[in-house]
Amino acid sequence: MTLPLRDVSPGAAPPSTPLPSTPRRRRAIALAAASLLAAGLLGVVVGGGGTATAGTVGAGSYTETLPPGAALPKGCGTVSTNPRIFATADAPAGAIPTNDWWSSLIWKRNNCGTSENLQAHPLAFKAENNGLGLSYTTTPAISGTATGVGEYHYPYREDVRVGVPGLAAPVVKAADWTDWTVTADWSDGTRSMRATIGHGLPFSYYTVTGGGAAQLTATATPTVWRNSGATIGFTVNGHDYVAYGPTGSSWTVNGAGISSTLAGKGYFSVAVLPGGADRAALADTYGRYAHAHVTGTRMSYAYDPATGSVRTTYAFTTTPREGTETKTVVALYPHQWRSLSGATPITPTYVSPRGAMRVLAGVPSFTTAMRFTGVLPEVPAVGDAAGADLSTVTNYLNAELANPEGISGTDTYWAGKGLGRAARIAEIADQLGITTVRDAAVAAMKTRLTNWLTAGSGETGQLFYYDRNWGTLIGYPASYGSDEDLNDHHFHYGYFVAAAATVAKFDPGWADDTRYGGMVDLLIRDANNYDRADRRFPYLRDFDIYAGHDWASGLAPFFAGNNQESSSEGMNFANALIQWGQATGDTAVRDAGVYLWTTQSAAISEYWFDVHDENFPAGFGHKTVGMVWGDGGAYSTWFSSAPEMIQGINMLPITGGHLYLGDHPEYVKANYAELLTNKNGPPTVWQDIIWEFLALGDGDEALRNFRANSTFASEEGESKAHTFHWIRNLAALGNVDTTVTANHPLAKVFRKGTARTYVASNITAAPLTVTFSDGTRLTVPAGKTATSGAYTWSGGNATGGVTVPTGPPPTGTPTPTPTTPTPTPTTASPTPTNPSPSPSTSTPTLEPTRYLAAGGGLAGTAGPAGTVTVVAANGNHDGTPTSPQVFTATGLTGTYTGGTTAFDLGVDAGTAVGNGVQARVSYDLTGDGSFDRVETYRYFATDPIVGFERYRQTQGLASATGTLGNLAGGTVKVEVWNAIGNNPSTVGTGDRSTITLPYSR
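No experiment lies behind these values; they were computed from the predicted model shown.

J.: Kindly report on the state of the cysteines, identifying the contributing residues and their values.
T.: Applying the stated criterion to the full structure yields 1 disulfide. The partner cysteine of C76 in its disulfide is C112, sulfur to sulfur 2.0 Å. Its S-S torsion of about 140° marks the bond between C76 and C112 as right-handed, since a negative value means left-handed. Residue C76 is found in the loop between β5 (74-75) and β6 (78-79), and its partner C112 is found in the loop between α1 (104-107) and β7 (118-119); the two are separated by 36 residues along the sequence.

This is how it looks when you write it as structure tokens:
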């Protein structure tokens, strides 16, 4: 590919009339009242009663005068075209979205009248002058080799074009857009058509005027299998479509053409059906919703710190063109259906470049429930805080005293990389009490940030410029198309915001709105505006709400749709919002970061890493991609064919917000093994990035690699101090434990063997107690990171700040001794002083997380991975345990926390179709033989693909009786059976299936 180092992107144009003011939120640490934005300007009214000049935000500022020689976004061959010329007069007000799957429709860089391919999924579309092309590609095109650069695509191959007879629009415009839909508009002065399309919609919806008729033109002679009244079903290129006209209409077939007068009513819809299903029956099912045209979509999210959960609702607005039906049909991506709450997909699935899309029929909305497993400013210094390793990291840190930023890039990307490097050094030095290095790093960041966040008179570089046409804040010098194409703003600005969060911890006044906090907030709003009421920037510019991840290209001018390379730099932005929001007391920013982080980490696991080995097409031959495209993925980058860089670009920067990379430690090792194979040996560049990633799966191996070759050249955003600190401490801590969450966003749990370490960071000025979902509580001194469990460590030179858990430690971890803040480990793996008991179905006190054991027990610790077989239902046993597998724990004593049961069962039906695994959890609180609380959960419809799926409590309760209370020598029983299906299923045991009880010890 002969494209720039990064990705190519578009922009958005707000109207030229003044925009309403946006009230700023108060921050908990503010030293003065927050400023108010002046109406129509980005400038603010500051203290003292005077009105600042346009562009002043507290002590910071931006410019609205383009710096000499600076480039602006370009559309359709012209410079700084207002993109509103490609929107209809009735299009939504405010900034036009960019960096979306449909952006080429309104940007029009290459095709001034039409669009590039629009990858919506399950359909792809292309706006042509005479109508809308529809493509449903089910066979991938795979190129390259299994050990070299390779890619797969489901390329756009038009099946049918939908239009109006004689339509010839000179330009196709955007008439409307919502969270994941767009409405395109065709008009040639006589005839007009509007079509609404969107992510997850098997339907496309049309209204026509002028000619008043519909014209469908297939690319091959269609096979018509139904033509009855207003409905016609036909197959073209092996794909089944159904067109639904108004009541009283009919369809006429003439060769490759299918037409209808629509009975003069001017509306219709076209649906693609998934293959392998009873298409006639499915056509009837879809037909019930065919005239409930989707006219709007909206996402809402809620982060609940108490439960460590993020619930996201995807809602549809429909307009009934006839009848009263208001529900619709929608197809869900894997990251959505794996976390689906309270709904069950129907059997057929769509093929997509992201994997199988499962269908919900007859819904107004759906909700996902995901765990937020926490982030940290940095991993704790439990392993390098004493002895020879303390000397090693101290020497590395002292070497950074003169230049903690390392690189001296002047553009937004490379300046950001230097800021990120300094932030890591400051965090580590603070933990270890090396204040000279910490203060030097903070001072360097503050100087660099303050320069960028002010646009002084006559200044021409290292400043930000606001463009009203495109509704964007552009940093100059720009890089990688961040100006002309609005590429990568989340990549670049994420480094700025993350560094600002670290500065805010040590100098809260600098981060106040009256100083530089307001400018930091503008960077956040430009890249991913979290405030729908703020029309200066599009809502969540770089984040594709339905796809669950960012897009890097602003304009998506490619045949393959939009693309994103460095998913991990997108996560750096999400983590930066969490850290900044926490440091400044801005819960709206924090919660937006938690939503982005949680959703995108799930999407990365699916679409960049394919950790379940289900989404990449067979024959691709890779376990990861360097780039995700709208129509596929590529084991490549924009800038290098080296395996270290192809794989490493989705790892860097390594920070305490990137621990999600270790959610699947076995995958980490598999990813690393592929690199060794493709490289034909160990890494020779970016060793630090690769080994830091490996440390999340095998810390001991990563540490051995570092010690054997510590003279490598660091990646530009890395330092030896951070690399050693990260690897050394993960070798001690083990892997991240995703089964335990916390009521505080800056908290994480690690597990090595059976020993857990609980970590939390407190950046406030008062002590903090953090409660974990398994009942463990951790008291954290002001301004410190603390741990308990396998390691008890208070962070640096804390005074009176040893970590003192307020409850007993978890079973199987050593009892902390709060006498010395820093242990002196002699090996990478500490030896517990109180080793875990052997798994048993009866324990005197309660370990809240239990494991399904092969012998029918609910063990307090994980045993070896195994399976048990659940017999076929051979009938309908929904709600009634029939020949179940039973797992029991007795003699349990614990205090009820007021929470609810959680479980995560590995289930698999192999290639069997139509199975549904169901679970019931029963509590006998006193062990008297009668169950006081019985919970039956909705069954989980397994897919016909070999490999474990995750059955969780998010399927929802089917029924529940009784109430929960304290356990005193009580019993918990889990029953698992097949509710439906004529084939057996498999349930994982050992570490493959867990149940978390709402009890503390």
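Once the structure has been displayed, the description carries forward.
J.: An account of the nonpolar core is requested, with residue identities and associated values reported.
T.: Inside soluble globular proteins, nonpolar side chains tend to come together where they are buried. Core analysis: the largest hydrophobic core is formed by 209 residues, its most contacted members being W186, L216, Y241, F268, Y286, L397 and W580. Counting residues per element, this core draws most heavily on helix α7 (residues 489-506), at 10 residues. Setting aside anything within four residues of it in sequence, one finds W186 in contact with A127, E128, N129, G131, L132, L167, A169, V172, R191, S192, M193 and A195. Ranked by size, the runner-up nonpolar core spans 28 residues in total, among them A889, V921, V972 and V974.

J.: Describe the confidence of the model for the protein chain, naming the residues involved and giving the relevant values.
T.: Confidence in the prediction of the protein chain, expressed as mean pLDDT, is 88, and 89% of residues score 70 or more. Under a pLDDT of 50 for its full length, residues 1-53 has, in the predicted model, 181 contacts with residues more than four places off or in other chains. Taken as a whole, residues 796-844 scores under 50 in pLDDT and shows 115 contacts with residues more than four places along the chain or in a different chain.

J.: Outline the sheet that holds strand β10 (residues 141-144), supporting the account with residue identities and numerical values.
T.: Across the sheet, which stays open at both edges, the 5 strands sit in the order β10-β11-β37-β36-β35 with antiparallel pairing between neighbours. In the strand order of this sheet, the two ends are held by β10 and β35 (563-564), each with one partner.

J.: I'd like a rundown of unusual backbone geometry, residues and numbers included.
T.: In this model, Y476 is joined to P477 through a cis peptide bond whose omega is 0°. Locating P477 in the fold gives a position in the loop between β32 (472-476) and α7. Going from L652 to P653, the amide bond is cis rather than trans, its omega being -5°. Residue placement: P653 occurs in the loop between α11 (643-648) and α12 (665-679). Phi is positive for D613, which is not a glycine, with a value near 55°. Mapped onto the elements of the fold, D613 is located in the loop between α10 (587-607) and β36 (627-629). The backbone of N680 shows a phi angle near 60°, a positive value even though the residue is not glycine.

J.: Explain the sheet that holds strand β24 (residues 292-304) residue by residue, including any values.
T.: Strands belonging to one sheet form pairs held by backbone hydrogen bonds; the direction of such a pair is parallel or antiparallel. The antiparallel open sheet is built from 4 strands, whose spatial order is β24-β25-β30-β27. Edge positions in the open sheet fall to β24 and β27 (340-341), since each of these has one partner strand only. In the sheet, strand β25 (residues 309-320) pairs with strand β30 (residues 365-371) via 7 bridges, with the strands oriented antiparallel. Residue pairing in the sheet places Y314 in a bridge with F366 of β30. Set on the sheet, α10 makes contact with β24, β25 and β30; between it and β24 the angle comes to about 110°.

J.: I'd like a rundown of the pairing of strand β14 (residues 181-187), residues and numbers included.
T.: With 6 of its 7 residues buried, β14 lies for the most part within the structure. Here 4 bridges tie strand β13 (residues 173-177) to β14, and the two strands are oriented antiparallel to one another. Its bridge partner being in β14, K173 is matched across the sheet by D185. The turn joining β13 and β14, which pair antiparallel and follow one another in sequence, is formed by 3 residues. With 7 bridges connecting them, β14 and strand β15 (residues 192-198) associate as antiparallel partners. Bridge assignment links D185 to a residue of β15, and that residue is R194. Where β14 folds back on β15, the antiparallel hairpin that results is connected by 4 residues, among which G189 adopts a positive phi of roughly 95°.

J.: Outline the packing of helix α8 (residues 517-528) against helix α9 (residues 567-584), supporting the account with residue identities and numerical values.
T.: Relative orientation of the contacting elements α8 and α9 amounts to 145°, with a least axis distance of 12 Å. The element α8 and its partner α9 pack so that their crossing is left-handed. Every residue of α9 that contacts α8 at G517, V520, I524, A527 and N528 is listed here: F573, L577 and W580. Here the residues of the contact of α8 with α9 are counted per class, giving 6 nonpolar, 2 polar and no charged.

J.: I'd like a description of α9, backed by residues and values.
T.: Look at α9: 26 Å from first C-alpha to last across 18 residues, which is about the 26 Å you get at 1.5 Å a residue. Taking burial as the measure, the 18 residues of α9 include 18 buried ones, the bulk of the element. Note on α9: the residue one or two positions beyond its end, G585, has a positive phi of about 75°.

J.: So what about the environment of G257? Which residues, and what values?
T.: The topology assignment puts G257 in strand β22 (residues 257-260). Of the residues examined, G257 reaches a relative accessible area of 12% and is grouped as buried. Leave out the neighbours within four places in its chain, and G257 touches Q215, L216 and T252.

J.: Please give an account of the pattern of salt bridges that cites residues and values.
T.: The full count for this structure, using the stated rule, is 42 salt bridges. Salt-bridge contacts for D531 lead to R525; the nearest nitrogen and oxygen are separated by 3.4 Å. Its relative accessible area of 2% is what places R525 among the buried residues. In this structure, R751 and D737 form a salt bridge, with 4.0 Å as the shortest nitrogen-oxygen distance. Separated by 14 residues along the polypeptide, R751 in strand β39 (residues 747-752) and D737 in the loop between β38 (735-736) and β39 bring together distant segments of the chain. Connected via shared salt-bridge partners are D521, R525, D531, D534 and R536.

J.: So what about the pairing of strand β18 (residues 223-228)? Which residues, and what values?
T.: Inspection of the sheet shows β18 paired to strand β19 (residues 231-236) by 5 bridges, in the antiparallel sense. Its bridge partner being in β19, T223 is matched across the sheet by T235.

J.: So what's going on with the packing of α7 against α9? Residues and values would help.
T.: Two quantities define a packed helix pair, namely the angle between the axes and the distance from one axis to the other. Where α7 meets α9, the axes come as close as 8 Å, and the angle between the chain directions of the two elements is 30°. Classed by the angle they form, the pair α7 and α9 counts as roughly parallel. Between α7 and α9 lies a crossing of left-handed hand. Across from H490, F491, Y493, G494, Y495, V497, A498, A500, A501 and A504 in α7, the residues of α9 making contact are E569, G570, N572, F573, A576, Q579, W580, A583 and T584. Looking at the contact of α7 with α9, its residues break down into 12 nonpolar, 6 polar and 1 charged.

J.: Hey, could you go over the environment of G276 for me, with residue numbers and the actual values?
T.: Along the polypeptide, G276 turns up in the loop between β23 (267-272) and α2 (279-287). For the pair formed by G276 and P348, sequence separation is 72 residues and the distance between their alpha carbons is 7.2 Å.

J.: Before we move on, can you summarise the packing of aromatic side chains with the specific residues and values?
T.: In total, this model carries 53 aromatic pairs according to the counting rule given. On the basis of an interplanar angle of 25° and a centroid distance of 5.9 Å, the ring pair of W102 and W177 is categorised as stacked. With W102 in the loop between β6 and α1 and W177 in strand β13, this pair connects stretches of sequence that are 75 residues apart. You'll find W102 and W177 in the same group, each marked buried. When the ring of F903 is compared with that of Y937, the centres are 4.9 Å apart and the planes differ by 85°; the resulting orientation is edge-to-face. Within this pair, whereas F903 is found in strand β48 (residues 902-908), its partner Y937 is found in strand β50 (residues 933-937), the two being separated by 34 residues in sequence. Each member of the pair, F903 together with Y937, is buried. Linked through ring pairs, W180, Y314, F316, Y333, F366, Y546 and Y607 together constitute an aromatic cluster. R354 extends its terminal NZ or CZ atom over the ring of Y607, reaching a point 6.0 Å from the ring centre. Positioned over the ring face of W337 is R358, at 3.7 Å from the centre of the ring.

Thresholds applied
- Residues numbered from 1 in each chain as written.
- Predicted model: local features only at pLDDT ≥ 70, side-chain atom pairs only at ≥ 80, totals over all residues.
- Heavy atoms only, no water.
- Disulfide = S-S within 2.5 Å.
- Helix = DSSP H or I, 4+ residues; strand = E, 2+ residues; numbered from the N terminus.
- Core = buried A, V, L, I, M, F, W, Y, C linked by side-chain atoms within 4.5 Å.
- Buried < 20%, exposed > 50% of the residue type's maximum accessible area, 1.4 Å probe, protein only.
- Contact = heavy atoms within 4.5 Å.
- pLDDT = per-residue confidence, 0-100.
- Pairing = 2+ DSSP bridges.
- Axes fitted to C-alpha atoms, helices over the stretch in contact; angles between N-to-C directions.
- Left-handed = near helix turned anticlockwise from the far one by under 90°.
- Nonpolar A, V, L, I, M, F, W, Y, C, P; charged D, E, K, R; others polar.
- Expected span 1.5 Å × (residues − 1).
- Salt bridge = Lys/Arg side-chain N within 4 Å of Asp/Glu carboxyl O.
- Parallel < 35°, antiparallel > 145°, perpendicular 65-115°, else oblique.
- Phe/Tyr/Trp six-rings, centres within 6.5 Å; stacked < 30°, edge-to-face > 60°.
- Lys NZ or Arg CZ within 6 Å of the ring centre and 35° of its normal.

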